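# Tertiary structure, described
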Amino acid sequence: MNIPDRYLDLIPWAIATLLIAGIVHIVSVLLMPTVAPRDAFARLAEAANAGEAHNGLVLLPPMAPGSEVLPFEDPAFAEGVCVYDLAKGPIRVSAPADGEDFLALSFHAGAGRIYHAITDRSAIKGKIDIVIGDARQIEALEANDDEDAPPQEVRLTAPTKRGFVLARSFAKRASDQERARNRLGSIRCESFELPKE
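What comes next concerns the included structure. The structure displayed is predicted, hence computed values, not measured ones.

What counts and what doesn't
Residues numbered from 1 in each chain as written. Predicted model: local features only at pLDDT ≥ 70, side-chain atom pairs only at ≥ 80, totals over all residues. Heavy atoms only, no water. Disulfide = S-S within 2.5 Å. Helix = DSSP H or I, 4+ residues; strand = E, 2+ residues; numbered from the N terminus. Buried < 20%, exposed > 50% of the residue type's maximum accessible area, 1.4 Å probe, protein only. Salt bridge = Lys/Arg side-chain N within 4 Å of Asp/Glu carboxyl O.

What follows deals with the state of the cysteines. Using the criterion set out here, one finds 1 disulfide in the structure. Shown here is the disulfide that connects Cys82 with Cys189, its sulfur atoms set 1.7 Å apart. Looking down the S-S bond of the Cys82 and Cys189 bridge, the torsion is -60 degrees, so its handedness is left-handed. You can see Cys82 sitting in strand 3 (residues 77-85) and its partner Cys189 sitting in strand 10 (residues 188-191), a full 107 residues away along the chain. On the basis of relative accessibility, which here comes to 5%, the residue Cys189 falls in the buried class.

Right under this line is the structure:
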């Protein structure tokens, strides 16, 4: 048996090793969200419980190296979070939009996946007004709509009962950070009761 024959004998073993390594890698990546105990929802729920709520929204602490609540945060943004549970009723998120400073709202399912996002550029008459509910709650709201007066809010059907709304306000300069945080304080994120049938 010569040297090239020995290399040919190793090829099936090398392919099997690469195949097993690839399967282990794919399985571990797919299992990570279910086995990781501190996902985005858990970290934000912990921050929301530790902070003081203003109209249902909790301001996240200013970003500092090593103490970020979420990964890849931009220090030019002030952030706030509203953690919700639709079992307690639908949620109304409203915010004034002045058109000068950037304001963004992103709506996340319990696992952290974004299902809707909006900025202040989408405001109607200077106001952002969004209702979040499950399919049954949204249907109940639509059943009580007046046909002559269409609703003035955007209605979102959430994919899960629990989730969070992440609000971000842009500070153009470091000195504007306090103004951006005050702007987040004007956002309301409150549960309300469905109209009686």
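Two side chains of opposite charge can pair, provided their charged atoms sit close to one another. The tally for this structure, following the rule as stated, stands at 9 salt bridges. The salt bridge involving Arg183 is made with Asp120; its shortest N-O contact spans 3.9 Å. Of the two residues, Arg183 sits in helix 4 (residues 177-184) while Asp120 sits in the loop between strand 6 (114-119) and strand 7 (127-133), which places them 63 residues apart along the sequence. Under the relative-accessibility criterion, Arg183 is labelled buried at 10%. Relative accessible area serves as the criterion here: at 5%, Asp120 is assigned to the buried category. Residues joined in a network through salt bridges with shared partners are Arg92, Asp129, Glu153 and Arg155.

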